[in-house]
Structures are given as structure tokens and as C-alpha cells.
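Residue-level listing of the chains:
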Amino acid sequence: MGRRKFLVCACGILAAPLTVAIGYPLAASLVGTIYHQSKLQFSKTPGFDSAPRGQPIKLNFTDIETDAYLRTETSEEVWVIKHSPTEATVFSPVCPHMGCRSNWNPELKKFICPCHGSIFSITGKVEGGPSPRALDTLTHKIENGALYVQWERFETGVAKKVRV
Amino acid sequence: MDSPVKPKHRLRQWVEKRWPVASVMRWGTVDEIPGGTRFAYVLGSATLALFAVLVITGVWQLLYYVPTVDHAYDSVMFLRLQVPLGWLVHGLHYWAAQAFIVVMGLHMARVFIWAAYKKPRELTWVLGVVLLLLGAAFIFTGAILPWDSLGYWAGVVGTNMAGTVPLIGNFLKLLMRGGDAMGQMTLSRAFAVHVAILPALTFFFIVAHIVAFRQFGSVGPWKPKKPEKTGSFWPDQTFKDLLVVAVIMMALICLSAFVRAPISGPADPLDNSYTPKPEWNFLFLYEALKAFKGSWEWMGTVVIPALLVLLLFAVPFIDRNEKRNPFRRPVAMLSGCMFVAVILVLTFIGHYSNSGANTPASSATASAPINQVAAPAASAPSPAAPETAPPVSTNAPAPAATASAPTNQVAASANSAVSPAPPETPPAISTSVPAPAAVAPAPTNQVAAPAASAATPTAPETTLPVSTNAPAPAATAPAPANQVAASANANPAASKQNVIPSQTNAVADNDSGSTNQSPTYLREVQPIFAASCARCHNPQTRIYNWLDYKSAFADRWEIRRRVWDSWKGWYYKEAMPLPGSPESLAFTDAERLTIRKWVDGDGGAVRGVAPAPAPIAPEPTNQVAGSATSAASPAVPGSSQPNTTAATTDLQAGGGLFVSAGCVTCHKIEGKGGVAGPDLSHEAKLGRSSQWLITQITDPRKHVPTTIMPAHKNLTQSQLKGLADFILNPSSSQAGLGAGTESSAKIQPSASAAQPAQEQQNTTNTSPNSASPATDAPAASATVVKMIGDPKHGAILFDLDCAKCHGKDGEGKVANPGSQAGVVSPLAPISRGLFSDDPVVFAANIDRFIQHGATPPGPAPALQMPAFGTTRSLTVQEIANIEAYVLSLNGVDAAKIIHPGITPLRFVEGTVALFAVALLAIGGLWIRSRASFPTQTGGHTTPEEVQNLKHEVAALKHKLEEMETRNPKDSSGSIDSQQ
């Protein structure tokens, strides 16, 4: 092998790790966070300690949505039925039929959706109307008497509860 | 390129016919280097390689970066912390930019030493200088883009420099900023320039530079000993280039992995504890500018840089002799060395001159958080106004003084409307008149506020304790308003003098011979400085120190232009105080006018100044006496003398001294007073002894060597004692500044603000798993928690705002009587309920307390956590910085890389391994093929190479023939020269 050819080869050999050293971070950061799933967060829901037992009550809380570096706060509401200071059922107010907000009717003791008249029992079961499934429950936890709700949305109009 | 065109490469030929690949490649690679290849020649290629790295990593950052003021910082931090290997992309860009400038400088130095700029290569040099300027522009605009403290202030300083250009300066500054203030338009402009305009220009000039270089090729060694020996650019020099580039890349990767690019916290225009300082690249210029002040500033900002650039451009035209050996051209070499030396020295001076100001200790006594400035000003009108209005309305003679709400502005405007204080009017009212009138010349917020309250006959408890200073004038105003009268007459007169920390007797004495239109003296503007300017203009900052009146005097013309002329639109520089700052909201027209009068009023400024910077407010006696004539208050002259000196050691006298000796100008006590120094309301709770306080007053440097507090040596022992007693027990004294109903209740720092968040500090053991336990907090919290602050800067802020209760470095141990724990909870180590490994969770945990305050459990805790966020006494960015610091105290890095991809260490190891393998392979190859090298010197070609070249020549001839048949004119001899 001649000198010139050797140098050409050497240049090539040297260029290879250089390319990798630059190329790899570029590739990795290009792929970036596309496979990272946003973590669901528990949001503290104030007013739980003073809530009446065995009766649905609407509680508001602030949910923080994270989209990359953007954090947006939205005010959400949920129906909470307090069974005991350490037990509760949390319903999403979003009607599984078309996504309207269902309301608790204290006289009828039913959740009724104002849009198409879906009727749910206090346990969330469908008792009438077009709703394809029961009211959606939300994951929650109670710590030191405070209620933390994990806000989620589910697809509407389908019989299965699927996260959106 | 190095192989001949073979017939089987049909595609290649096809392309070749349409676009001369081979010729371009040959033009780019074939270059005979006289004297052989050298490592010294790699610098140009290295610069180019660095530029390539910058372009690639820059483009990659665009995948994540957004140029908006509210998200730029977050997006950069997202790239750095959350994107796999984003830290490396950002780090490479940052470090390559630093290296770019360094290597460029070395490249220039090399060219200079080799005299490679001489005829006929002048244009190559000139184009190179253009590239250097483009590089500087890149650095400047690039620094702004993250919109962090560093970039923001670099932008402020840079655009202000442009603003000093005569005539068009202001236009230039506005053009660069895209408006009046630094903001979104500035960022957008910096962005467009950095990512579009500059790269395009640079591409163009790089090509031009290389074309010019190739025109005459390398210059070779200055000693033409072996002219026969030549080396070739490809592949001989290229190999050396690649070797060096590999080394540089390795260094960049190591730097990115182990020395992270600075995190200076999000930009905060209101944060005065940040010391603006340019990047190291511009430090020399910055240092040079400081030599010129005032009206000569443009010399530093325009003339010197312009001369430097012109000099660089002119080098090949100045130095025109043929000699190239550096030892044969001593003048050129010496001036070159001088040039470099000056720049280096200035850079080092710039680097070290300010180091003291950044240490937390020294800034502990520096100014208080900005919003406190606004607070006294804002609170002054509201409580006092309704009370003052009724009595004043009956008082016709002095409408200007007090007719409307007694804001500072009104009080100040009384200056022009010196009211003929009628002592014969009813006591309460009469005293209310001289008060504003007398106080008028000293329209600081602080002074104005007490004046307003002094004018309230119905609320004697709000009077100032100064009453003790002037029982004599009080005689003219007997009965319940006694105290009011006293304070109204004597206090403003006394305080307006005494508040000046650096006041001297001479000042007071000088102005006794005042004319009808009493000139404005320094002592009247100094309180304005202390109240409205000292947040930035103090000895801790880079900006001119106006607490030292000597320098304030020296800068007086500039001050006048800034506070008056620019505000009127007559001057091109930035108006002061900065638009939108708390000062600008509290800074009144009257204050501007006072300052203007001080500067050009009847030589007043000159006369009001003593020859040496006096350390301290002197004996009150002289001052009151001296000021009497100008004070326009008939009750005062002479009468106050015996009383001020009769300093009984009781609290009342202490309280009086607190105002008359000037403490109140800088220190707040019981909610009243200045903000330049620490709030002294809680000294007793901090365990201060009387002796400690006396030492602090007489020799503050004993406690904190770098303090800006002047030593007050002129007070007598008994006065000191009284002062210390008052400070230790301000509220028990009837003379307490805020005496009366509110005094005992309002001891806690912003106690009322702490109410909404009555969370007990110890009940915070929310699960560490819940990512955001603070979700019930208002929007500010979410903004802060995601923000990544600068722990170093946070340390400074911590010393200012938190260390008083949480102890130095958060170690606690500060007693908190009445609380369950008995001490303020320490922050290092922090309670386990708040701690978390996850910086976001940790920050969220402590954020609640900083935002909303808290009351520790216990029967009656004396100290409560103030709500810094909800009271807006700290900005969002400042809180982020403090949180980063508290996290760092507990060993948590607020800027922890969350998704590293490969950890930095691993990546470095891998890269080193790769390079090692490559070097081994090259070494092996070299050993194997060494035998066939005819010589080691670069000059001789192997038979193989000769063969290759012959092929090339054949190909070229073939091509030439083709071209000739197509266009006979093209048959120049240029190709022959390639042989």
C-alpha cells in the first residue's frame, strides 16, 4: 500500500468515529421523546373532608397537563361519593354517550345527562337512555383525608372504556 | 476524485458531463503546500469543522427550541434534560461556539505570524476578518436565545452599548431590541438573525474566503530553504486536519459531558441581584468601555471597537513590506503581541474585577427584593389618604402640599409650592402644612410616607418617633397634636438631612446661606437614590454606585439625562428607572425634577458636596441647625438643637434617632422605612444583643466585611444604646414607627399574607409518588415548578430573603419562640416529608411554602413563613432560583438530566473507545504499509501516485479536448498548471 493510499484509508478510519460521535446524539435526540408516554398525575381535590357521606357531590380541582415543556392547568370537576373518610367513588362527569356533563338529580337520586337523557344509578349503572356503558370511574387515592384524583378522558359512544 | 475516470463508471460520467464533480473536488482537494504539510496549518480546517458542528447541532436544537419569551427557557431546558442526548446536542453547540472563537483567534494569529496576509493574499485576510465579525454576531445573538439571565442581561448590555453610538445610537438600540424594552421582539430578532441571516452570510463568506485562499494556495514557510519540498492538501494535510478535529471533538464531548453549559436561571428583568456581565468573548470590550463614562461613553462603545475592526481590516495594507519571517518584522510582531496582550489583560481584569459582587456574603446586605420597593410606595397613599384629606381641606393656604391624597408625588410637589406655613392656624392643621412642605425637598418614598401620616391629626399613633427630637417646636403646637406637630416640623427637616447615609456636616453647614429659590442639594437627592436607585446602583453591582455620593456626584450629568432628559425624550439613552420597574411606578415627576435641579440648579450640586466621602450621618445637631433656613418651616430654627443632643437613652430617643440618624432611609422597621438594607423589625427574635447592634452600627464591617452599610461613628454611646434598645424592642415604645394598634400584631413578616395558607408545616407528608401535590396552588406554582433555576443565584437570593430565619445555608437553628419546634425548621437537611429525589416533586413540595407561606404549629409562633409568591415580594424566576438552591443544599440537582439516552460518562467512554480503535487501526495499517513508503517526507510521490496522477492528467486532457470542441474559448492553460 502506498503512502497516499494509506493516508486516504487513515482519513476514512478517522472519519468513522467522528461521524458516529456526532451522528449518534443527533439520531438519539431526533428520536427524542416520541416513545415517552405522559405520566398520569394525581391531582389534589379539595373539599373531600367536608363532603357528605353516601351522596354524590361535585368537586373541582386543577389538573396540570404536560405537553413537553408546556404545562397547562385546567379546572376539572368530578362527582365524588364519599363512603367513609378512606373510601370513595369518583365518577367522571363526562357522559359515555356523547360527552355531555351528566348531573346528579337529588330528587330522583339518579345521574341524568341533560343532552340525551341517559340515566345512571348512584353506582353508575345505566338505567335508561342511550349511554353505551356505565359512568366512568376515575382512579383515585385518599391520603391523610385528602382525595387525589387522576383525571382521564375516555372515548365516548363505545361500550368499552378506552382511554383517549 | 483520486481515481481516474473509468469507462465503467457510466453514471459518474453522465453526471460529470452535466455537473463537473471531479473538477470541483479537485479544486477543493488538490493543493500543493510549499514546504510540506504542518500541524500549524490545521487551524483553518478546524474552524470550518467547528462551524459544521455548530450548524448541525444548531439545526437540531430547532427541533425543540421555540423563540418566545415565555417558553424559550423551558424549551431549552427540556432539550437539555428530557430529550435523550439532548444535553449533548446543546452542550456541543455551546462548547463548539466557545471553541469556534478560540480556534478562529488562533487561526488569525497563525496567519499573522506567517505573514500570510501579505500581497497577494490581502483579500483572504479581509474576508477572514469579516468572518470573525460574523462569529461575534453569532455569539451575541446566540446568547440571547435561551432567554435566561445570562442571555437576557448580555442582550441588555449589548443593545445598550449600541445605544451609545452618537446620533443613531437610540435608533440602533431600538432596531436591535425591536422596540423600547427587551422583550419578545428582541428575542424574535435575535432568533432570525442567529439562525437565518448570519448562517447565510457566513456560508457566503466562507466560500469567498476559501476561493481567495485557493487562488494563491498556501503561503508556505517564511524561510524558503527547501522550496523543492511540497506537500499535498489531500490527503496529507487532510489527515492532520482530521486528527486535530478528532482531538477537538473529543474535547468538546468531554466538556459537554462533564462541564455543563451554564444554567443561569430564567430571565428576570426585575431581578436586581443578578450582575449583568457579558460573555468572556466580549469581556475585553466591556472592560475597555468602563474607562469612558458619561459623555465620553461613545468613545468606548463605538470608537474603540470601530478602531479595532478597522485595524484588523487594515493589517495587510499597513504592513506591506515583503518580509515574512517574524523575526525580521519586529514592529508588526510587537504590535501584534501588544494587541493580543491588551485583549487578554482586559479580559482577565473583566473576569476578576467583579468576582466579589457575586459572592453571597457580600450581597447579603445588598438591596432587598424589588417588590418591597413598590410596597412602601403603594401602601403610603392608601392608609394615609383618607385620614389626611379632611383636615387638609380646611387648610386653604397650602393646597398644593396636601390637598389631594398624600402620595409621594404630592409631598414632593410641595417643593415647588413652598407653602407659607401659617403657625397661627389651629395646631393640628397648621402642623399638617409644614410637614409636607418641609419634607418636599426630600421626596423619597419613605420620607413621603411618614410625612403623610404625620399630617393626620386624628391618628397620632402613626406619627413618627421623631417627636423627641423637637419638643421645642412642639410648643407652638400644643395639645393632642403635640407629637404630630413635632414630627411635622422637625422630623422632615431632620430626616431629609439625616437619611442621607453619606451625608456630612459640611453639607449641612454649606446651605445655610440659601437664596430665596433654595437650590437643590445632594442631600435632597440622596434619599431618592437610596430609595429608588439603590436597588441597582449600589456598591454590590456593576452599575455605578450612587449610595456613595461622590460617585453619584461624578455621574450627575448622566443621572440627569437618564432621569429627566430621556424621560422627556430629549436623550437617546434608556430612561431611568427602567420602565415597568417598581421604581418607575413610584418615581415621581417631582423626584425627577429634584434631581434635575440638583444637577444644574445654580451650581447647587457642587456646593452641596463635601470633598471626601463621609462614612456616616453626622451628629444630628449640626444638620438640623444647618438645614433650618432651607427647610421653610418657621418652627424649627434653633429650637431643635438642644433637644436632639439631649439624647436620653430611652426608647423614644432611640426611635427618634432611627429616623433622624438616617437608619430609616435604608432599613425598614415596623413596616416603615427603606429597602436598601435589611428589615430590622425582627432583630430581637434573631437573638441580636444590644452590643451586637452597636457594633453593627459603628463598625458594620466587623460582622460582614463586604457590607455596604456605612459606619456610623458620630453617635454617642447613649445614643447608640437608645438606638439599639429601640431596634430590639421597637413596638413597645410609644415612639415606635408603627406604634399603636397595629404594632404588636404585625410583627410577623407579612403576617396577613401568611393567612391564606394556614397549612401546617409538618402536615405535608403527601405521597412522594403523587407528582404534583401542589395542584391546588394557583398558576404561579405550576410556572415555577417546571422552571429550572440557578442554584448559585438562588444562594444570593437565599441570603437576602431566607437566611434571616432559616439560617445561613439553611441550617436553621434560628429560635422561633411560641412554635412547637422552638426553632425555624432547617432546610438542609430538609424534613423528610418534603424531600424527594425527583427535582420536580421536591420543588413542588417546597414551592407551596415559598408561594403561600405557612404558620408553623405551636401556640403562638413568633416567626411565620411569609408568602413570597402571593405577595409578589419575589418574582417567579427568583423563586425558581431559590428552589434550585434549596434542592442543591439537599443534594438534589434541579437541572438533573432526566433522559440522558446514554449517561454522559458512558458516552465519553464509548467515544474514547471508538477513537482508540480507529487510531489502533491506523497504526496497524501504517506498520503494515510503512515498508512500501519510499520516504517519510511528504515531498516525494510514490510510483503509484505518479500513476494516479497520470491517469488524472489523461482524464483532464480528454475533458479539455471535449470542451475545446464545444467551446474553443475555454482552452485556457489553467489545467496544465495542475501538472
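To start, this report covers the structure provided alongside it. (Residues numbered from 1 in each chain as written. Chains lettered and ligands numbered in written order. Predicted model: local features only at pLDDT ≥ 70, side-chain atom pairs only at ≥ 80, totals over all residues. Heavy atoms only, no water.)

## Here we look at the overall build of chain B
Next, step 1: Counting its secondary structure elements, chain B contains 47 helices and 4 strands.
Next, step 2: Within the span of chain B, comprising 979 residues, buried residues form 55% of the whole.
Next, step 3: Considering only contacts in chain B between residues 6 or more positions apart, those separated by 24 or more positions represent 75%.
Next, step 4: Carbon together with sulfur atoms contributes 65% to the accessible area of chain B, which is approximately 40,500 Å² in total. (Helix = DSSP H or I, 4+ residues; strand = E, 2+ residues; numbered from the N terminus. Buried < 20%, exposed > 50% of the residue type's maximum accessible area, 1.4 Å probe, protein only. Contact = heavy atoms within 4.5 Å. Areas by Shrake-Rupley, 256 points an atom, 1.4 Å probe, with all protein chains shown as cover.)

## Overview of the interface of chain A and chain B
Next, step 1: On the side of chain B, 69 residues touch chain A, which itself brings 42 residues to the contact.
Next, step 2: When chain A packs against chain B, close to 5,100 Å² is buried across both sides, 71% of that on carbon and sulfur atoms.
Next, step 3: One salt bridge connects Arg 3 of chain A with Asp 236 of chain B, and the closest N-O pair in it is separated by 2.8 Å.
Next, step 4: Counting the contacts that link chain A with chain B gives 6 residue pairs in polar contact (both at pLDDT 80 or more).
Next, step 5: Going through the elements one at a time, helix H1 (3–31), strand S1 (42–45), strand S2 (57–67), strand S3 (70–84) and strand S9 (140–143) of chain A are the ones with two or more residues in the side of chain A that touches chain B.
Next, step 6: Element by element, the count of residues in the side of chain A that touches chain B is highest for H1 of chain A, at 22 residues.
Next, step 7: Grouping the constituent residues of the side of chain A that touches chain B by class yields 25 nonpolar, 9 polar and 8 charged. (Buried area = accessible area lost by both parts, 1.4 Å probe. Salt bridge = Lys/Arg side-chain N within 4 Å of Asp/Glu carboxyl O. Polar contact = N/O pair within 3.5 Å; in protein donor to acceptor, adjacent residues only side chain to side chain. Nonpolar A, V, L, I, M, F, W, Y, C, P; charged D, E, K, R; others polar.)

## Quick look at the pairing of S3 of chain A
Residue and element names in this part refer to chain A.
Next, step 1: Here S2 pairs with S3 via 11 bridges, running antiparallel. Bridged to Ile 64 within S3 is Glu 73.
Next, step 2: Between S2 and S3, which pair antiparallel one after the other, the connecting turn spans 2 residues, and Ala 68 there sits at a positive phi close to 50 degrees.
Next, step 3: Of the pairings in the sheet, the one linking S3 to strand S4 (residues 87–91) comprises 5 bridges and is antiparallel in character. Considered in S4, the bridge of Lys 82 is made with Ala 88.
Next, step 4: Counted along the chain from S3 to the antiparallel partner S4, the turn is 2 residues long. (Pairing = 2+ DSSP bridges.)

## Here's the deal with the pattern of salt bridges
Residue and element names in this part refer to chain A.
Next, step 1: Counted by the stated rule, this structure contains 13 salt bridges over all chains.
Next, step 2: Between Arg 133 and Asp 136 there is a salt bridge, with the nearest N and O atoms lying 2.8 Å from each other.
Next, step 3: With relative accessibility at 8%, the residue Arg 133 sits in the buried group.
Next, step 4: When the shortest N-O distance is used, the salt bridge between Glu 143 and Lys 141 registers 3.9 Å.

## Regarding the nonpolar core
Residues and elements named next belong to chain B.
Next, step 1: Ranked by internal contacts, the top residues of the largest apolar core, which has 75 residues, are Leu 50, Trp 147, Met 249 and Leu 252.
Next, step 2: Residues in contact with Trp 147, not counting those within four places in the same chain, are Val 69, Ala 72, Tyr 73, Tyr 152, Met 182, Gly 183, Leu 187, Pro 266 and Ala 267.
Next, step 3: Ranked by size, the runner-up nonpolar core spans 33 residues in total, among them Val 784, Ile 846, Phe 849 and Phe 868. (Core = buried A, V, L, I, M, F, W, Y, C linked by side-chain atoms within 4.5 Å.)

## With respect to the sheet that holds strand S6 (residues 110–112) of chain A
Next, step 1: The strand order S5-S6-S7-S8 (chain A) describes an open sheet built from 4 strands, whose pairing is antiparallel. Of all strands in the sheet, those bounded by a partner on one side alone are strand S5 (103–105) and strand S8 (126–128) of chain A.

## Brief notes about helix H12 (residues 297–318) of chain B
Next, step 1: A maximum bend of about 35 degrees is found in H12 of chain B at Leu 312 of chain B, where proline Pro 316 of chain B lies one to four positions downstream.
Next, step 2: Three or more residues of H12 of chain B are buried, namely Glu 297, Gly 300, Thr 301, Pro 305, Leu 312, Val 315 and Pro 316 of chain B. (Bend = angle between axes of the 7 residues up to and from the residue.)

## Quick notes on the sheet that holds S1 of chain A
Residue and element names in this part refer to chain A.
Next, step 1: Taken together, 3 strands build an open sheet; the order of strands is S1-S10-S9 and the sheet is antiparallel. A single partner strand is all that each edge strand has here, and the edge strands are S1 and S9. Direction aside, the axes of adjacent strands within the sheet are offset by 30 degrees on average. (Axes fitted to C-alpha atoms, helices over the stretch in contact; angles between N-to-C directions.)

## A short note on unusual backbone geometry
Residues and elements named next belong to chain B.
Next, step 1: Residue Pro 235 follows Trp 234 across a cis peptide bond; omega there is 0 degrees.
Next, step 2: Mapped onto the fold, Pro 235 is located in helix H10 (residues 233–258).
Next, step 3: The omega torsion of the bond from Ala 828 to Pro 829 falls at 0 degrees, within 30 degrees of zero and hence cis.
Next, step 4: On the secondary structure map, Pro 829 appears in the loop between helix H42 (803–806) and helix H43 (839–852).

## A look at the packing of aromatic side chains
Next, step 1: All told, the structure shown has 23 aromatic pairs over all chains when counted by the stated rule.
Next, step 2: Seen from their ring centres, Tyr 41 of chain B and Trp 114 of chain B are 6.3 Å apart, and the 75 degrees between their planes marks the pair as edge-to-face. Here Tyr 41 of chain B is found in the loop between strand S1 (32–34) and helix H3 (42–61), whereas its partner Trp 114 of chain B is found in the loop between helix H5 (86–113) and helix H6 (122–144), with 73 residues between them in sequence.
Next, step 3: Given the relative accessible area of 10%, Trp 114 of chain B is considered buried.
Next, step 4: Following the ring pairs from residue to residue traces out a cluster consisting of Trp 79, Phe 91, Trp 104 and Phe 111 of chain A.
Next, step 5: One cation-aromatic arrangement involves Lys 141 of chain A over Phe 42 of chain A; the distance from NZ or CZ to the ring centre is 4.4 Å.
Next, step 6: Here the guanidinium or amino end of Arg 214 of chain B rests over the ring plane of Phe 233 of chain B, the centre of that ring lying 4.7 Å away. (Phe/Tyr/Trp six-rings, centres within 6.5 Å; stacked < 30°, edge-to-face > 60°. Lys NZ or Arg CZ within 6 Å of the ring centre and 35° of its normal.)

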